[in-house]
Structure formats: structure tokens, C-alpha cells
Amino acid sequence: MAKVISFTNKKGGVGKTTTVVNMAAYCAEYGKKMLLIDLDSQGNATTGLGFSKSALKKSVYNVLIGEEKISQNILPTQLPLLDILPANVDLTTAEVELVHKRNRDTVLKGALEEVRDKYDYIFIDCPPSLGPLTINAWVASDSLIIPLQSEYYALEGVSQLMNTIAMVKQYYNPSLTIEGVVITMYSSRATVSKQIAAEIKKFFKSKLYEIIIPRNIRLSEAPSHGKPILLHDPKCIGARAYKALTEEFLSKQ
């Protein structure tokens, strides 16, 4: 039975998709059977694994609106143990359509029952918002991983994020936990990065992963090649960081 983990933050541009794609890829490299669900209408995880959003005939949208089963929309990736449930622009209308569905907050959870026993982990790339799609992801999840950029605004909005998590726990998913918090886009030369990292550690304590993800140009360019970093440049500093982060994550399971 797969452990379902949502990668989430209400802010965009914090390295969320980079983190979920590369951790999923390294988990697959370590022999774990993985499913990555792209729940962001921008479809960055989809293109980051080599798929053209415009060429997709099926996506997570078809599953959410109840047209098809999840197994009919899953695609294999370049890594033998990593599959993806892709997203495209169709997903932008899903939030509106979900409003009119019964049990709208548990649609994804119900859909996952079909495939949950086929994977070790199911990672969900949430949109940078706290709307219906994100709530669906959290209700379907066992835990959350929160990427935080090491900059001044990192903790802005975290209190709202935590309040929403508490609400989902109270009304829908009492067992939901924070799996971990990862600092991304870290610049060791910037004093402010060190200060913010210290504040994040003070706030999240033991939930903060020890491995910190640095700013790295090779990480930034890998999605344009449609590859996770381990296939693009496995020896770069960003690849080594995500490999180490995945090892830390797996060691705690």
C-alpha cells in the first residue's frame, strides 16, 4: 500500500516542482515503485519529465471529473520505476467543476484506491494555492512535504498554511502529518539565507530536513530538457543534494 505524500506551499517559485520531480526520480533510482501526480494546471512536473502538455489526450483532469479511472491516464516515464499522472491546461476548469460534485473534497482519494497497492510511494505536486485541488491532495495524503525558499518571505503565509492543514485534519483527514520541510534555493554566500534557515529551523524543529538544496543552474535548466537532474547532470551539486535529501527521506520511513 503506497504512502501518499503531497508537496505543497501556497507560494509559487519555491522549488516545489523541482523537489517533487527529483525526489520521485531518486526514489525510483533506489528501487521504489513511484507514481507522481501533477495536480498543478501549469503542468511543470509533466514537462519536467519529458511530456508535451499540448499533446496529451488524457490527464488528471479526466480522473477528477469522473470520466475515467486513474489507471487509464497513467504514463510511464524515462525511469523504469517512475510513472506519472500528467496535467495540462484542462485542469484550470477542474476547480470550478469540482464545486458542483458531491464529495468534492474526496474525489482524488477515491480515485487513488484503484492503484494504491501498485506503488511504494505516490507523490502529488500541488498547485501554489489552498484551493479545491490542494484540499483534494491533502485529503488523499498520509503526509505533506513543504519546500521553503531561504528568503525573507519564506515564512510569510506559513501560518495560513498551518491553519488550513489543521482544518483539513479536523474535518477530513485526522491522520495527516507533516512529513518534513526542505529548504530550497539556498545561497551559502548570502547572510540572509543563513538567517532565514535558522528561523525556519526554529519554527519547524525536527521536521526540517538536514539536507539543504542550493541554488544551481543545472537544476534550473534540467526541466527544459524534460529530464530529472539525475538524467541531466547527475554529478552537479544540485543532483548530489537531491540524492542526499532522498536518502534522508527514505531513512526516516
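Within any chain, residue numbers begin from 1 and follow the written order of that chain's sequence. Totals for whole chains, interfaces and linings use all residues, but because this is a predicted model, local features are given only for residues with pLDDT of at least 70 and pairs of side-chain atoms are given and counted only at 80 or more. Neither water nor hydrogens contribute to the side-chain values; these are computed over all heavy atoms in the structure.

Undergrad: Provide a residue-level description of the nonpolar core, including the pertinent values.
TA: For our purposes a nonpolar core is just a set of buried Ala, Val, Leu, Ile, Met, Phe, Trp, Tyr and Cys residues, chained together by side-chain atoms within 4.5 Å. Note on exposure labels: buried denotes an accessible area under 20% of the residue type's maximum, exposed denotes more than 50%, and partly exposed covers the range between, all computed with a 1.4 Å probe on protein chains only. Ile37, Leu39, Leu64, Leu112, Trp138 and Ile200 are the most contacted members of the largest nonpolar core, which has 50 residues in total. By definition, any uninterrupted DSSP run of H or I lasting at least four residues is a helix, any uninterrupted run of E lasting at least two residues is a strand, and each is numbered from the N terminus. Broken down by element, this core gets its largest block of residues, 6 residues, from helix α6 (residues 132-140). Once you skip the residues sitting within four places of it in the chain, Ile200 turns out to touch Leu148, Gln149, Ala154, Leu155, Val181, Ile183, Lys205 and Leu208. Core analysis: the second largest hydrophobic core is formed by 35 residues, Ala25, Cys27, Val182 and Leu230 among them. A contact between two residues is defined here by any heavy atoms of the two lying within 4.5 Å.

Undergrad: Residues and numbers for the pairing of strand β2 (residues 34-38), please.
TA: The element β2 is largely enclosed, with a buried count of 5 among its 5 residues. Note on pairing: two strands pair once DSSP finds at least 2 bridges between them. Sheet analysis places β2 next to strand β4 (residues 82-85), joined by 4 bridges and oriented parallel. Bridging from a neighbouring strand, Ile37 pairs with Leu85 of β4. Bridge analysis of β2 against strand β5 (residues 121-125) gives 5 bridges, and the strand direction is parallel.

Undergrad: Would you mind going over the packing of α6 against helix α7 (residues 158-171) in detail, with residue names and values included?
TA: The relative placement of two packed helices comes down to the angle between their axes together with the axis-to-axis distance. Fitting a line to C-alpha atoms yields each axis, with helices limited to the stretch in contact; the angle taken between N-to-C directions then spans 0 to 180 degrees. Where α6 meets α7, the axes come as close as 10 Å, and the angle between the chain directions of the two elements is 55 degrees. Taken together, the axis directions place α6 and α7 in an arrangement best described as oblique. For the crossing formed where α6 meets α7, the hand is right-handed. Where α6 abuts α7, its residues Ile135, Trp138 and Val139 lie against Leu161, Thr164, Ile165 and Val168. Three classes are used, and their members are as follows: Ala, Val, Leu, Ile, Met, Phe, Trp, Tyr, Cys and Pro are nonpolar, Asp, Glu, Lys and Arg are charged, and the others, Gly among them, are polar. For the contact of α6 with α7, the class distribution of residues is 6 nonpolar, 1 polar and no charged. Note on angle classes: values under 35 degrees are labelled roughly parallel, values over 145 roughly antiparallel, values of 65 to 115 roughly perpendicular, and the remainder oblique. We call a crossing left-handed when the near helix sits turned anticlockwise from the far one by less than a right angle, and right-handed when that turn is clockwise.

Undergrad: Could you give me a rundown of α6, with the residues and numbers involved?
TA: Most of α6 is tucked away, with 8 of its 9 residues classed as buried. Listed as buried for α6 are Leu133, Thr134, Ile135, Asn136, Ala137, Trp138, Val139 and Ala140.

Undergrad: Please set out α7 residue by residue, giving values where relevant.
TA: If you check α7, its first and last C-alpha atoms are 20 Å apart, about what 14 residues at 1.5 Å a residue would give, namely 20 Å. Those residues of α7 that fall on the buried side of the exposure criterion are Val158, Leu161, Thr164, Ile165 and Val168. Buried positions in α7, seen along its axis, are confined to an arc of 125 degrees and lie on one side of it. Exposed residues lying more than 90 degrees from the buried face of α7 are Asn163, Gln170 and Tyr171. Where the residues of α7 are buried, they touch α6, β6 (143-149), β7 (177-184) and α8 (191-204). Multiply 1.5 Å by the residue count of a helix minus one, and that product is the helix's expected span. Directions are taken from the helix axis to each C-beta atom, and the arc is the one they span.

Undergrad: Please give an account of the sheet that holds strand β1 (residues 3-7) that cites residues and values.
TA: Ordered in space as β3-β4-β2-β5-β1-β6-β7, the 7 strands form an open sheet in which the pairing is mixed. The sheet is open, and its two borders are formed by β3 (75-76) and β7, each paired with just one other strand. Against the sheet, α8 makes contact with β6 and β7, and its axis sits at roughly 175 degrees relative to β7, the strand it touches most.

Undergrad: Outline the packing of aromatic side chains, supporting the account with residue identities and numerical values.
TA: Pairing of aromatic rings covers Phe, Tyr and Trp, the last counted by its six-membered ring, and requires centre-to-centre distances within 6.5 Å; plane angles under 30 degrees mean stacked, over 60 mean edge-to-face, and any other angle means tilted. With the rule as written, the count across this model stands at 5 aromatic pairs. Relative to Phe123, the ring of Phe7 lies with its centre 4.9 Å away and its plane at 55 degrees, an arrangement referred to as tilted. Taken as a pair, Phe7 in strand β1 and Phe123 in strand β5 lie far apart in primary sequence, 116 residues in all. Like Phe7, the residue Phe123 is buried in the burial classification. Here Phe123 and Phe249 contribute two aromatic rings whose centre-to-centre distance is 5.9 Å and whose plane-to-plane angle is 75 degrees, an arrangement assigned as edge-to-face. Highlighted residues: Phe123 in strand β5 and Phe249 in helix α11 (residues 237-251), separated in sequence by 126 residues. Across the pair, Phe249 and Phe123 agree in class, each one buried. Grouping aromatic residues by their ring pairs yields a cluster made of Phe7, Tyr121, Phe123 and Phe249.

Undergrad: Please give an account of the pattern of salt bridges that cites residues and values.
TA: Salt-bridge detection follows one rule: a side-chain nitrogen of Lys or Arg within 4 Å of a carboxyl oxygen of Asp or Glu. According to the stated counting rule, one finds 9 salt bridges in the structure shown. Among the ionic pairs, Lys3 bridges to Glu179, the shortest N-O distance being 2.9 Å. Within this pair, whereas Lys3 is found in strand β1, its partner Glu179 is found in strand β7, the two being separated by 176 residues in sequence. Exposure remark for Lys3: the relative accessible area of 25% places this residue in the partly exposed category. What emerges from the salt-bridge pattern is a single network uniting Arg218, Glu221 and Asp233.

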